[in-house]
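Summary of the model geometry
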Amino acid sequence: MKKFSIHFITVFAAVLPLLAPLAQTQSKNAAPQATNSNEQTVQNNKALPNVMILATGGTIAGAAKSGAQAAYTSGQVTIDAMVNAIPEVTKIANIKGEQISNVGSQDMSFEIMLKLANRINQAKDNTSVDGFVITHGTDTMEETAYFLNLVCKPDKPVVLVGSMRPSTAISADGPLNLYDAVAVAADPNAKNRGVLLVMNDWIHSAQTLTKVSTTAVQTFMSPIRGLIGTTAYGVNEYYRYPHQKYGAKSEFSVDGATKLPRVDVIYAGADMNADLIDAAVKLGAKGLVIAGVGNGNMNKASLDACARASKQGVVVLRSTRVATGNVARNVEVNDDQMGLIASYGLNPQKSRILLSVALLQPRKLDEIQRLFLEY
Ligand code: GLU
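What comes next is a walk through the structure. Please read all numbers here as calculations on a predicted model, not as lab measurements. (Residues numbered from 1 in each chain as written. Predicted model: local features only at pLDDT ≥ 70, side-chain atom pairs only at ≥ 80, totals over all residues. Heavy atoms only, no water.)

1. Considerations on the pattern of salt bridges
Two side chains that carry opposite charge are able to pair once their charged atoms sit near each other. Short version of the rule: Salt bridge, as applied in this entry: a Lys or Arg side-chain nitrogen positioned within 4 Å of an Asp or Glu carboxyl oxygen. Helical segments are the DSSP runs of H or I of at least four residues, strand segments are the runs of E of at least two, and each set is numbered from the N terminus. When accessible area is computed with a 1.4 Å probe and restricted to protein chains, residues below 20% of their type maximum are described as buried, those above 50% as exposed, and intermediate ones as partly exposed.
Under the counting rule described, the total for this entry stands at 14 salt bridges. In this structure, the salt-bridge partner of Arg119 is Glu98, at a minimum N-O distance of 2.7 Å. One end of the pair, Arg119, is in helix H4 (residues 110-123); the other, Glu98, is in strand E3 (residues 94-99), and 21 residues separate them in sequence. By relative accessible area, which is 13% here, Arg119 ends up buried. Of the residues examined, Glu98 reaches a relative accessible area of 2% and is grouped as buried. Salt-bridge contacts for Arg262 lead to Asp264; the nearest nitrogen and oxygen are separated by 2.9 Å. We classify Arg262 as partly exposed; its relative accessible area is 36%. Using a relative accessible area of 18% as the deciding quantity, one classes Asp264 as buried. The network of salt bridges with common partners includes Lys245, Glu251, Arg363, Glu367, Arg370 and Glu374.

This is the structure in structure tokens:
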């Protein structure tokens, strides 16, 4: 029996990508109108909402040689094979899929993020799309989610989803996560709550979520502000709207942008060397985020280097390496005197995203500080 199971999993893993064409031919009602060569439509039932899945890769599309091994390769399984693993999804939505990229999210680039944002903004008024699901690796999911939250304006749910276990693992978490994400993206009650992330029954806001475990299935948390809601097999419950700006109220646009300005993150610690701050400035950083100790602190040599960087026109922001809590202005550091910005509730990786987007156009320091209070 044991032998059979292992053999079955191996064969299933090998066969998954091959199911793609089958999914297409089995769908009697498949709408043939594809707007580009990547696009696939699974069915077209007029009574159901239409969800566009934009696939980028990650563990949810990962495969291993066996169901019980830690090593695997991200981004192996195509979008249609993922959807084919959850036939129940065709009862809750019509699925249209597009493969945007197929990378582990450690390789997520601003180029791919811009492609995603442009695709969503382009399809936002398309009446045949009611919601978007983005499949993504979990490593940098919070950055992509927060980026899209700043620059996408659809009046439709945008939901990121991933998994911690590859598609071939024992108890793979991807299929149910994907089903739940589609159920939220297809739900009119999920509208106007900003970009969301659905994994392991929880609905998070892009603004609050953060990855807290390298391996555990419940890896995403929304400390302090809490969840947007919960979901269980298509039954969604919502508790709140995010209070920061996003979507239609966001002042940001990436229309026409092809890259983002360089912003580096420098991790603070006891007896840290200040020369990395000077080096980043020399290498052309337009912004610097210090993942400070405590309330965005760093040693005196580093603070002096930050003040020097600020005088040269580099925007220097104090965030924190601590998991929760705000970094406020002028508490232990005289930000006014040193020309620094405080991150308030944003962690270093999301601070880097906000600063990069903000620096797409020239802005004064007090305006940048306002952005960190409002977004
Ligand atoms: N490195 C992988 C990624 O981010 C693993 C994380 C995951 O997807 O769970 O794509």
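2. Concerning the site of the ligand
Just so we agree on the cut-off: Only heavy atoms are used to decide nearness, and a residue is near a molecule or strand if one of them lies within 4 Å of it. Polar contacts here mean pairs of N or O atoms no more than 3.5 Å apart (in protein, one a potential hydrogen donor and the other a potential acceptor; neighbouring residues in sequence count only if both atoms are side-chain atoms). The Shrake-Rupley method, run with a 1.4 Å probe, gives the accessible areas here. Residue values count only the displayed protein chains as cover. Residue type decides the class: Asp, Glu, Lys and Arg count as charged, Ala, Val, Leu, Ile, Met, Phe, Trp, Tyr, Cys and Pro as nonpolar, and the leftover types, Gly among them, as polar.
Taken together, 13 residues are adjacent to the ligand, and Thr59, Ser105, Thr138, Asp139 and Ser163 come closest. In this structure, Thr138 approaches the ligand through a side-chain N or O atom, which is 2.7 Å from an oxygen atom. Between the ligand and the protein, one listed contact pairs an oxygen atom with a backbone N or O atom of Ser163 at 2.7 Å. Protein contact buries 94% of the 280 Å² of open area that the ligand shows by itself. Residues belonging to the shell around the ligand are distributed by class as follows: two nonpolar, nine polar and two charged.

3. Quick notes on the nonpolar core
Keep this limit in mind: Definition used in this section: a nonpolar core is a set of buried Ala, Val, Leu, Ile, Met, Phe, Trp, Tyr and Cys residues joined via side-chain atoms within 4.5 Å.
One finds Val133, Phe147 and Leu148 to be the most contacted residues of the largest nonpolar core, which totals 82 residues. Of all hydrophobic cores here, the second largest spans 21 residues; its members include Ala268, Ile290, Leu303 and Leu340.

4. What about the sheet that holds strand E15 (residues 341-342)?
Whenever strands of a sheet pair, they do so through backbone hydrogen bonds, lying parallel or antiparallel. Rule in force here: Note on pairing: two strands pair once DSSP finds at least 2 bridges between them.
One open sheet holds the four strands; their spatial order is E12-E13-E14-E15, and the pairing between them is parallel. Only two strands of the sheet have a single neighbouring strand rather than two, namely strand E12 (263-267) and E15. Taken together, the two bridges between strand E14 (residues 315-320) and E15 define a ladder with parallel strand orientation. Paired with Arg318 across the two strands is Ala342, which belongs to E15.

5. Some thoughts on H4
Put simply, the rule reads: Every helix has an expected span of 1.5 Å times one less than the residues it contains. Note on contacts: a residue pair qualifies if any of its non-hydrogen atoms lie within 4.5 Å across the two residues.
Under the 1.5 Å per step criterion, the end-to-end length of H4 is 20 Å for 14 residues, consistent within 8% with the ideal 20 Å. H4 sits mainly inside the fold: 10 of its 14 residues count as buried. Taken together, the buried positions of H4 are Phe110, Ile112, Met113, Leu114, Leu116, Ala117, Arg119, Ile120, Asn121 and Ala123. Close packing links the buried residues of H4 with strand E2 (50-55), E3, strand E4 (131-135), helix H5 (141-151), strand E5 (158-161) and helix H10 (348-358).

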